[in-house]
Amino acid sequence: MATSGSKCRACKAPAVIDLPRHNANFCAEHLLQLCRRQVEKAIDDYEMFSKDDRLLVAVSGGKDSLAVWDMLVEAGYQADGFYVGLGIGDYSDESGDYVRRFADERGLTLVTVDLRDDYGYDIPTAAKVTKRVPCSACGMSKRHLFDKAARDGGYDAVVTGHNLDDEAAVLLGNVLRWDIEYLARQLPVLPARNGFPKKCKPLVRLTERETAAWCLIRGIDYLVEECPIAAGNRHLYYKDTLNSLEQKSPSSKSAFYLNFIDNMAPLLADQSAAAAGELNDCERCGSPTTNELCAFCRLVEKSSAHEPVPVELVLGKRGRS
Ligand code: SF4
Ligand SMILES: [Zn+2]
Ligand SMILES: [Zn+2]
């Protein structure tokens, strides 16, 4: 990852990674230090949580969610994992194996839900039945289950592994459409409200190259393969576009996202508050909703009555955008 012969900026030992956005190279130990500092800064600057809080970390088996769980535990936070089996063919089987191995090896608490076993459906079936794009059915299911697990388990906050590349790509998509409602909610912390738990993204100051290096150095075995449904979606295209910019102009990606958070998001705060209307309890599951039945219960009702649909049938539908 580093140019041969390059030296760590901090200790002059041989570097293992070059980070043009910091205009520096780092050895393994100082790269870990940089990651720890950036995560602590995000937690402090955005007032995410303290060591007294109980955290539920949403883990997928990929590098970012396992890295953030590892970083929080290493730093002394009380962090349990939460994994949802989505039923997306081999990808889901493998991702579950990685998560369980990570938790077992470290003696960590992992809460799991399986859509097919616990709710009688999976993401390919939900996508087919509801004619939603798979990522929309998936995102809605995961959000509902994270919220429910946090409420049921009495956790103070849900933590996700979204990194700087993810957030900058989502921001680019929202800016290209000038989607003010989404822009107003694109924050590193969403406070608890109306029965929804607080949501925090401690990795927003780290790139995916940095979290991959963290995993490599810390010996974290993660699933490298992406979800097959993600292939070819706009989110990946936005990431590539930002990487091209970053190559020509290092640190433009972090400036784009972090300056949005500092300079622009405060101006949109009223929009965010306006979007938070009055909610009632879902008649079936008690979750906050604007209808009698929440969107998740309606999805379960329709999808669980249908024969399972193999993932191949929904590949190629536009994914996460
Ligand atoms: S790419 Fe889409 S379907 Fe796959 S895990 Fe992510 S949100 Fe779910
Ligand atoms: Zn060093
Ligand atoms: Zn419900």
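Being a predicted model, the structure only gives us computed values, none of them experimental.

**Things to note about the coordination of the zinc ion (ligand 2)**
Tetrahedral coordination by four donors puts the ideal angle at the metal at 109.5 degrees, and octahedral coordination by six puts it at 90 or 180 degrees.
Here is step 1 of the chain: Within the protein, the atoms that donate to the zinc ion (ligand 2) are Cys8 (SG), Cys11 (SG), Cys27 (SG) and His30 (ND1), at distances of 2.1 to 2.3 Å.
Here is step 2 of the chain: Bound by 4 donor atoms, the zinc ion (ligand 2) shows angles of 100 to 114° at the metal and therefore tetrahedral coordination geometry.
Here is step 3 of the chain: Each donor residue of the zinc ion (ligand 2) belongs to the same chain, with the gaps between them written as C-x2-C-x15-C-x2-H. With a gap of 22 residues between them, Cys8 in the segment before strand E1 (17–19) and His30 in helix H1 (residues 28–45) connect regions that are remote in the sequence.

**Concerning unusual backbone geometry**
Here is step 1 of the chain: Notably, Lys12 is not glycine yet its phi reads approximately 70°, a positive angle.
Here is step 2 of the chain: Locating Lys12 in the fold gives a position in the segment before E1.

**Re the UniProt feature "binding site: ATP" (unreviewed entry) in the protein**
Here is step 1 of the chain: Under the present numbering, the feature "binding site: ATP" (unreviewed entry) in UniProt falls on Ala58, Val59, Ser60, Asp64, Val84, Gly161 and Asp166.
Here is step 2 of the chain: With respect to the secondary-structure elements, Ala58 resides in strand E3 (residues 54–58).
Here is step 3 of the chain: Among the residues examined, Ala58 registers a relative accessible area of 11% and is labelled buried.
Here is step 4 of the chain: When near neighbours in sequence (up to four residues on either side) are disregarded, Ala58 contacts Ser65, Phe82, Phe146, Val159 and Thr160.
Here is step 5 of the chain: Following the sequence through the fold, Val84 ends up in strand E4 (residues 78–85).
Here is step 6 of the chain: Look at Val84 and you get buried, because its relative accessible area is 6%.

**Comments concerning the sheet that holds strand E8 (residues 198–200)**
Here is step 1 of the chain: With respect to topology, 6 strands assemble into an open sheet ordered E5-E4-E3-E6-E8-E7, the strand pairing being mixed. Each edge of the open sheet carries a strand with a single partner, namely strand E5 (110–114) and strand E7 (189–190).
Here is step 2 of the chain: Two strands pair when backbone bridges link them, and E3 and strand E6 (residues 157–159) are joined in this way by 3 bridges, in the parallel orientation. Opposite Val57, over in E6, you have Val159 as the bridge partner.

**Thoughts on the coordination of the zinc ion (ligand 3)**
Here is step 1 of the chain: Within the protein, the atoms that donate to the zinc ion (ligand 3) are Cys282 (SG), Cys285 (SG), Cys294 (SG) and Cys297 (SG), at distances of 2.3 Å.
Here is step 2 of the chain: What the 4 donor atoms of the zinc ion (ligand 3) show is an angle range of 107 to 115° at the metal, which sorts the shape as tetrahedral.
Here is step 3 of the chain: Between the donor residues of the zinc ion (ligand 3), the gaps in sequence give the motif C-x2-C-x8-C-x2-C.
Here is step 4 of the chain: Exposure remark for Cys294: the relative accessible area of 4% places this residue in the buried category.

**Quick look at the pairing of E4**
Here is step 1 of the chain: When you tally the buried positions in E4, you get 7 out of 8 residues, the bulk of the element.
Here is step 2 of the chain: Summarising the sheet, E3 and E4 pair through 5 bridges and their orientation is parallel. What sits directly across from Leu56, in E4, is Asp80.
Here is step 3 of the chain: Relative to E5, E4 is paired through 5 bridges, and the arrangement is parallel. Pairing of Gly81 across the sheet is with Leu110, part of E5.

**Quick word on the pattern of salt bridges**
Here is step 1 of the chain: A full pass over the atoms with the stated rule returns 20 salt bridges.
Here is step 2 of the chain: The salt bridge involving Asp18 is made with Arg209; its shortest N-O contact spans 3.3 Å. Of this pair, Asp18 sits in strand E1 while Arg209 sits in helix H9 (residues 208–218), placing them 191 residues apart in sequence.
Here is step 3 of the chain: One salt bridge in this structure joins Glu29 and Arg36, with 3.5 Å as the shortest N-O distance.
Here is step 4 of the chain: Classification of Arg36 by relative accessible area gives partly exposed; the value is 27%.
Here is step 5 of the chain: Ionic contacts of the salt-bridge type, sharing partners, join the residues Glu29, Arg36, Asp70, Glu74 and Arg218 into one network.

**Points about the packing of aromatic side chains**
Here is step 1 of the chain: Enumeration according to the criterion identifies 6 aromatic pairs in this entry.
Here is step 2 of the chain: Each ring, one from Trp69 and one from Phe102, has its centre 5.3 Å from the other, and the planes form 40°; the classification is tilted. Taken together, the residues span a long stretch of sequence, with Trp69 in helix H2 (residues 63–74) and Phe102 in helix H3 (residues 89–106) at a distance of 33 residues.
Here is step 3 of the chain: Pairing Tyr119 with Phe296 gives two aromatic rings, centres 5.2 Å apart and planes at 85°, and the pair type is edge-to-face. Remark: Phe296 occurs in helix H13 (residues 295–304) and Tyr119 occurs in helix H4 (residues 115–119); sequence separation between them is 177 residues.
Here is step 4 of the chain: Since its relative accessible area comes to 22%, Tyr119 is described here as partly exposed.
Here is step 5 of the chain: Through a chain of ring-to-ring contacts, the aromatic side chains of Tyr119, Tyr121 and Phe296 assemble into a single cluster.
Here is step 6 of the chain: Above the plane of the ring of Tyr77 lies Lys51, whose end atom (NZ or CZ) is 5.1 Å from the centre.
Here is step 7 of the chain: The ring centre of Tyr155 lies 4.2 Å from the NZ or CZ of Arg54, which sits over that ring.

Procedures and definitions
- Along each chain, the written sequence defines residue order, and numbers are assigned to residues from 1.
- Labels follow written order: the first chain is A, the first ligand is 1, and so on.
- Note on the predicted model: pLDDT of at least 70 is required for a residue's local features to be given, and 80 or more for side-chain atom pairs to be given and counted; whole-chain, interface and lining totals, by contrast, use all residues.
- Values shown for side chains rest on all heavy atoms present in the structure; no hydrogens or waters enter the calculation.
- Only nitrogen, oxygen and sulfur atoms qualify as donors, provided they sit within 2.8 Å of the metal or within 3.2 Å for Na, K and Ca; with water excluded from the atoms, sites may seem incomplete.
- Under the classification used here, a metal with four donors is tetrahedral if each angle lies between 85 and 135 degrees, square planar if opposite donors are over 155 degrees apart and the others between 65 and 115, a six-donor metal meeting that same test is octahedral, and anything else is irregular.
- Only DSSP runs of H or I with at least four residues qualify as helices, and only runs of E with at least two residues qualify as strands; both kinds are numbered from the N terminus onward.
- UniProt positions are given in the numbering used here, feature names are shortened, and annotations may be inferred rather than shown by experiment.
- Each residue is placed in one exposure class: buried if its accessible area under a 1.4 Å probe, protein chains only, is under 20% of its type's maximum, exposed if it is over 50%, and partly exposed if it falls in between.
- A contact between two residues is defined here by any heavy atoms of the two lying within 4.5 Å.
- For two strands to pair, DSSP has to find at least two bridges joining them.
- For salt bridges, the criterion is a side-chain nitrogen of Lys or Arg within 4 Å of an Asp or Glu carboxyl oxygen.
- A pair of aromatic rings is counted whenever rings of Phe, Tyr or Trp (Trp by its six-membered ring) have centres within 6.5 Å, and the orientation is called stacked for planes under 30 degrees apart, edge-to-face for over 60 and tilted otherwise.
- We call a charge positioned over a ring when the NZ of a Lys or the CZ of an Arg lies within 6 Å of the ring centre and within 35 degrees of the ring normal.

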